[in-house]
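What follows is each chain in one-letter form.
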Amino acid sequence: MKRVIAALVLLSLVVIGCAVSLVVGQREFDYLIHLAETAEICYRNGDTDGALAAAETLASEYPERTRHFALFLPHQALTELEKSTASLPLILKYGEPLDFTAEARRCRLMLERLWDQEQPSWENIV
Amino acid sequence: MAITALRTVIIYIVIIAALRLAGKRQLGELQPGELVVTLLIADLASVPMQDVGIPLLNGLVPIAVLVALELILSALMLKWRWLSRLVSGNPVVIVNDGVLDQKALKRLRLTVEDLMETMRQQEVFDIRDVQYAIVETNGKISLFLKPNAQAATRADVQTLISDKGAPVPIVSDGKLIDWGIAVCGLSANWVEDKLKKRGCALSDVLLMTADKSHKVYIVRREVSS
């Protein structure tokens, strides 16, 4: 009976862990995607300062906000995204205009894709 | 490299804990489901151990889920016999009163050679001596011999023997063995008194055994020169 209780506790911990990771992940990824989107839209509307502010916030907050995601998300994808977010302010300051739009979009799509892969949807399960 | 080493330590601890939680049956005679879980645990553990790019939890969570499901399934199988039959199957009689059930043998995809090999391993060479041969749910074949083929026991020859029980260790490497002391119906004080009478300290004892008649045997530690 003790072992069954231990098994139920273990399963409950896994379920709670999954639920917490989904809720926290959704919140953080929504925020990061919003920043990438803001940078992209601001730049397209000619608001370079707004784009730079969003890109810098994204670059500075990404490592902190995704710190715990390394527990369950592929490290390579997280590192790739970190490189992309870190490069956004630099491209805006020193790079070509088209490069920034492309990189901001790439960053947003990578964030969306990575989080989509974590959703417990039927497509992802099978 | 340090990360790989530390991950290996964590995974090792988790596997030991998982197998301990799964119980002794897991390590001994495996049922089909238990065998699958054991193989899966070994495989799941090796992936995050080798590749540091894969999150550790990707290996640990499936292990936890598998062990938990295995334990819950075991508990349900104890409660519901039909579930046990569904998961583990039933024992099948393949020899009944010396007669081979060829249909059962075919259904189990066992050859006569397999049966004969098992018989030989149990020192049975004539199928006519076998009362029952049963394929257990874990795949092992149990043999029950006809009375005239069985070795005579002391009861058969009506020899009276006193039951002293087998000697069990009560001190090992200078430390008291609680379960051994309990089996012999002794106490730690009794053991210490006995050693004192023999002029021997507990720490000097390499092995001390006792049986139910409280007969002891002591092996002292050799003094290194």
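Just above sits the structure.
Here's a quick rundown of the structure. Computed from a prediction, not measured in an experiment: that's the story for all the values here.

On to the pairing of strand S4 (residues 141–145) of chain B, then. Residues and elements named next belong to chain B. Here strand S3 (residues 130–135) runs beside S4; their pairing, made up of five bridges, is antiparallel. If you follow Val130 over to S4, its bridge partner there is Leu145. From the end of S3 to the start of S4, which pair antiparallel, there are five residues, and Gly139 there has a positive phi angle of about 95 degrees.

Moving on, we get to the packing of aromatic side chains. Under the defined criterion, the tally for this structure stands at six aromatic pairs over all chains. The interplanar angle of 25 degrees and the centroid separation of 6.2 Å between the aromatic rings of Trp80(B) and Trp82(B) together place this pair among those described as stacked. The exposure class assigned to Trp80(B) is partly exposed, which follows from its relative accessible area of 37%. An aromatic cluster is defined as three or more aromatic residues linked by ring pairs; in this entry it consists of Phe29(A), Phe69(A), Phe72(A) and Trp115(A).

Let us now look at the interface of chain A and chain B. Every contact between the two is made by 14 residues of chain A and, on the other side, 20 residues of chain B. Carbon and sulfur atoms make up 76% of the surface buried where chain A meets chain B, a total of about 1,200 Å² over both sides. For the chain A face of the interface with chain B, the top three residues by lost area are Arg3(A), Leu11(A) and His75(A), together amounting to 40%. At the surface where chain A touches chain B, the tally comes to zero salt bridges. On inspection of chain A and its partner chain B, the count reaches one residue pair in polar contact (both at pLDDT 80 or more). For the side of chain A that touches chain B, the element with the most residues is helix H1 (residues 2–44) of chain A, which contributes eight residues. Per-class residue counts for the side of chain A that touches chain B are twelve nonpolar, one polar and one charged.

What follows concerns a nonpolar patch on the surface. Taken together, the side chains of Leu76(B), Trp80(B), Trp82(B), Leu86(B) and Val87(B) define a hydrophobic patch exposed on the protein surface, amounting to about 490 Å² of accessible area. Take Leu86(B): it is sitting in helix H5 (residues 81–88).

The next point concerns the sheet that holds strand S8 (residues 216–220) of chain B. Residues and elements named next belong to chain B. Across the sheet, which stays open at both edges, the four strands sit in the order S6-S5-S7-S8 with antiparallel pairing between neighbours. Either end of the sheet is taken by a strand with one partner, and the two such strands are strand S6 (175–176) and S8. Sheet topology places strand S5 (residues 168–172) next to strand S7 (residues 205–210); four bridges connect them, and they run antiparallel. If you follow Val168 over to S7, its bridge partner there is Ala210. The strands touched by helix H9 (residues 188–197) are S5, S6, S7 and S8; relative to S7, the strand with the most contacts, the crossing angle is about 115 degrees.

Residues and elements named next belong to chain A. Within this structure, the stated rule accounts for 13 salt bridges over all chains. Where Glu28 meets Arg27, a salt bridge forms, and the shortest distance between an N and an O atom there is 3.2 Å. By relative accessible area, which is 9% here, Glu28 ends up buried. Residue classification places Arg27 among the exposed residues on the basis of a relative accessible area of 52%.

Take the sheet that holds strand S2 (residues 99–100) of chain B next. Residue and element names in this part refer to chain B. On the basis of which strands lie adjacent, the open sheet formed by four strands has the order S2-S1-S3-S4 and antiparallel pairing. Since the sheet does not close on itself, it has two edges, and those belong to S2 and S4, each with one partner. Bridge count between strand S1 (residues 92–96) and S3: four bridges; the pairing is antiparallel. Of the residues in S3, the one forming a bridge with Val93 is Ile134. Helix-sheet contacts for helix H7 (residues 112–121) involve S1, S2, S3 and S4, and the interaxial angle to S4 is about 60 degrees.

About the thresholds
- Residues numbered from 1 in each chain as written.
- Chains lettered and ligands numbered in written order.
- Predicted model: local features only at pLDDT ≥ 70, side-chain atom pairs only at ≥ 80, totals over all residues.
- Heavy atoms only, no water.
- Pairing = 2+ DSSP bridges.
- Helix = DSSP H or I, 4+ residues; strand = E, 2+ residues; numbered from the N terminus.
- Phe/Tyr/Trp six-rings, centres within 6.5 Å; stacked < 30°, edge-to-face > 60°.
- Buried < 20%, exposed > 50% of the residue type's maximum accessible area, 1.4 Å probe, protein only.
- Contact = heavy atoms within 4.5 Å.
- Buried area = accessible area lost by both parts, 1.4 Å probe.
- Salt bridge = Lys/Arg side-chain N within 4 Å of Asp/Glu carboxyl O.
- Polar contact = N/O pair within 3.5 Å; in protein donor to acceptor, adjacent residues only side chain to side chain.
- Nonpolar A, V, L, I, M, F, W, Y, C, P; charged D, E, K, R; others polar.
- Patch = residues over 30% accessible without salt bridge, like charges linked within 9 Å, V, L, I, M, F, W, Y side chains within 5 Å.
- Areas by Shrake-Rupley, 256 points an atom, 1.4 Å probe, with all protein chains shown as cover.
- Axes fitted to C-alpha atoms, helices over the stretch in contact; angles between N-to-C directions.

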